[in-house]
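Each chain, written out:
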Amino acid sequence: MNKITKHPLYQKSDEIKRALFLNGFTFFDRDESRELIETEASVELFHEPEKLRARQMTTGDGSYSLRTRLLPEHLPLFPKKIPLRAAVSGRIYDGSDTMYPQHERIEGVIADKSITITDLSVLWQKIIQNIYGIHSCVSLEPESNGAFSINVGTKGSDLTFGYLGPGTWVARSILGITDSSISLWIFTIDVDMIVIHDLSLAHRKDLYDTRLSFTGILEDSTPFFGDLFSARAADVMRKMGYCQFIGERFYTDDAYVRMNMVQEAWDTNNKGILLQDPLKDYNNPLTSETERAGLPTVLTPALEQAMSDNFSAGEKSLRIFELGHIFKPGKNGEVPWETISLSVGAYGPEVNFRSFLTEIKTILQMLGISNSFFIPTDLAIAYRQDQCMVILDEKMKYLDGNCGHISPVALKNFRIDTEGFMAQFELPSLEAKAREEYGFVPYELR
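The rules behind the values
- Residues numbered from 1 in each chain as written.
- Predicted model: local features only at pLDDT ≥ 70, side-chain atom pairs only at ≥ 80, totals over all residues.
- Heavy atoms only, no water.
- Axes fitted to C-alpha atoms, helices over the stretch in contact; angles between N-to-C directions.
- Helix = DSSP H or I, 4+ residues; strand = E, 2+ residues; numbered from the N terminus.
- Parallel < 35°, antiparallel > 145°, perpendicular 65-115°, else oblique.
- Left-handed = near helix turned anticlockwise from the far one by under 90°.
- Contact = heavy atoms within 4.5 Å.
- Nonpolar A, V, L, I, M, F, W, Y, C, P; charged D, E, K, R; others polar.
- Pairing = 2+ DSSP bridges.
- Buried < 20%, exposed > 50% of the residue type's maximum accessible area, 1.4 Å probe, protein only.
- Lys, Arg positive; Asp, Glu negative; His and termini not counted.
- Salt bridge = Lys/Arg side-chain N within 4 Å of Asp/Glu carboxyl O.
- Polar contact = N/O pair within 3.5 Å; in protein donor to acceptor, adjacent residues only side chain to side chain.

Draft legend 1. Inspection of the packing of helix H1 (residues 8-22) against helix H3 (residues 117-132) at higher detail. For the pair H1 and H3, the least separation of the axes is 9 Å and the interaxial angle reads 135°. The orientation of H1 relative to H3 falls into the category oblique. Like other packed secondary-structure pairs, H1 and H3 cross with a definite hand, here right-handed. Note on element contacts: H3 touches H1 through Trp124, Ile127, Asn130, Ile131 and Tyr132, opposite Lys12, Glu15, Ile16, Ala19, Leu20 and Leu22. Class assignment of the residues belonging to the contact of H1 with H3 gives a composition of eight nonpolar, one polar and two charged.

This is the structure we're talking about:
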């Protein structure tokens with residue numbers, strides 16, 4: 001691929017974020033907060049219409065669940081200042097859809113003195129025009145319990161862009177709003193549904209197609225919204241010619257076996273957090289069999305499946321990546337561990353072991369990491385034993401990254417009939433190293 005692309009879901013999400021930003025909204029979180037929260041932590045901040053309610057997906061002991069809302073965790077972090085326009089974004093999960101439960105969501109608050117429906121209509125008209133143009137129109141249609149749907153008419157078609165309603169007493173209390181003259185409105189936008197409408201997709205599963213025929217359709221060289229390290233990493237990957245995909249968010253019992261990642265008992269990389277119903281009888285899309293599902297400890301099983309999907313579709317050359325959360329059980333009853341991971345995959349006639357290592361080195365340098373070294377290892381059996389590297393810094397500190405030739409066993413299991421290469425990183429370690437190098441002052445200049 002010779003073009004810079006952006007996944008349609010993230011392209012639309014960024015478009016909406018920029019429209020909100022242009023209309024006075026500040027984003028206080030952009031995709032990096034925890035997705036696994038205490039089960040009782042999610043509270044209703046406005047009277048949501050029934051069609052908006054998501055079913056919780058809890059862990060095996062019931063203590064934690066994947067979040068169904070974004071604002072409950074972030075509202076306490078908002079400034080206690082009026083007027084207020086603030087928003088957050090990220091992924092929520094709805095257990096009612098056992099095949100594709102993840103949804104990209106944007107949620108926010110609007111608080112000011114005596115906000116009227118006319119005020120809200122004018123505001124959302126401006127936001128929508130920033131997205132769809134000045135010919136688009138907006139209407140706020142009443143739902144149950146005082147909520148409204150934000151309906152948009154554009155290019156001869158209509159869509160429900162989102163929902164908003166008056167904040168509950170819980171929301172007002174969290175924000176410290178005691179003055180009755182202050183109006184508080186909460187809104188939520190399901191980005192998935194908007195992309196399905198805008199691209200005329202037949203089903204939500206089409207939104208999570210990992211093949212280049214879908215993920216590479218939008219040429220877009222605009223940077224990701226925001227200044228987080230994850231956004232920087234995504235832009236570096238896109239600049240290097242890699243195409244972003246969204247892989248499976250849940251792994252069945254055999255996911256690690258297929259990628260030849262069956263390791264010693266002490267290794268926690270293949271021991272994820274299992275989920276209760278509704279995913280206890282999760283239908284594996286690869287085998288059509290029902291299996292117990294858990295949260296990913298690494299992203300590479302989904303990466304190899306995406307490589308397989310593209311190889312089966314006839315793609316002769318491929319460079320793809322994914323950014324997503326990974327999870328591990330907490331030790332001795334502690335909070336589950338969670339972080340953001342980057343997985344990278346490539347194959348094709350122009351890709352070999354040395355060229356792939358060179359690309360990974362360049363990627364690290366573009367992220368601000370010059371002092372990185374590749375040390376060979378034969379202990380990571382998900383890779384070919386004579387072509388695997390762990391990544392260290394100049395102090396021989398592990399940077400939570402490795403790369404190399406995918407195990408021949410995995411290539412066979414995933415029916416990838418060519419040499420394939422992959423890398424995986426945990427972003428916090430890379431960010432910490434980049435900050436260290438950026439702030440480094442040579443001894444003679446101190």
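Additional details are given in the paragraphs that follow.
Draft legend 2. Inspection of the sheet that holds strand S21 (residues 420-426) at higher detail. Ordered in space as S11-S16-S17-S21-S20-S19-S18, the seven strands form an open sheet in which the pairing is mixed. Edge positions in the open sheet fall to strand S11 (243-244) and strand S18 (372-376), since each of these has one partner strand only. Pairing analysis gives five bridges linking strand S19 (residues 383-393) to strand S20 (residues 398-406), with the strands arranged antiparallel. Residue tyrosine 383 lies in a different strand from S20, and its bridge partner there is isoleucine 406. Packed onto the sheet, helix H9 (residues 300-312) meets strand S16 (318-328), strand S17 (337-347), S20 and S21 and runs at close to 30° relative to S17. Here helix H12 (residues 427-438) sits on the sheet and contacts S16, S17, S19, S20 and S21; the angle it forms with S21, its principal contact strand, is near 70°.

Draft legend 3. The environment of serine 370, seen in detail. Of note, serine 370 is situated in the loop between helix H10 (353-366) and S18. For the pair formed by serine 370 and alanine 434, sequence separation is 64 residues and the distance between their alpha carbons is 8.5 Å. Look past the residues within four positions of serine 370 in its chain and what remains in contact with it is Lys361 and Glu437.

Draft legend 4. Main features of the pairing of strand S8 (residues 148-154). Counting buried positions over the seven residues of S8 gives seven, a clear majority of the element. Bridging between strand S7 (residues 137-142) and S8 involves six bridges; their strand directions are antiparallel. Bridge pairing in S8 places glutamate 141 opposite serine 149. What sits between S7 and S8 in their antiparallel hairpin is a turn of five residues, with asparagine 145 showing a positive phi close to 60°. Pairing geometry for S8 and strand S9 (residues 157-166), over seven bridges, is antiparallel.

Draft legend 5. Representation of the side chain of aspartate 220 in the model. Tracing the backbone shows aspartate 220 in the loop between helix H6 (212-215) and helix H7 (229-239). For the buried residue aspartate 220, which engages in no salt bridge, the nearest side chain bearing the opposite charge is lysine 6, 4.3 Å off. Within polar-contact distance, the side chain of aspartate 220 engages the side chain of threonine 222 at 2.5 Å. Excluding its chain neighbours within four sequence positions, the residues that come into contact with aspartate 220 are Ile4, Thr5, Lys6, Gln11 and Arg238.

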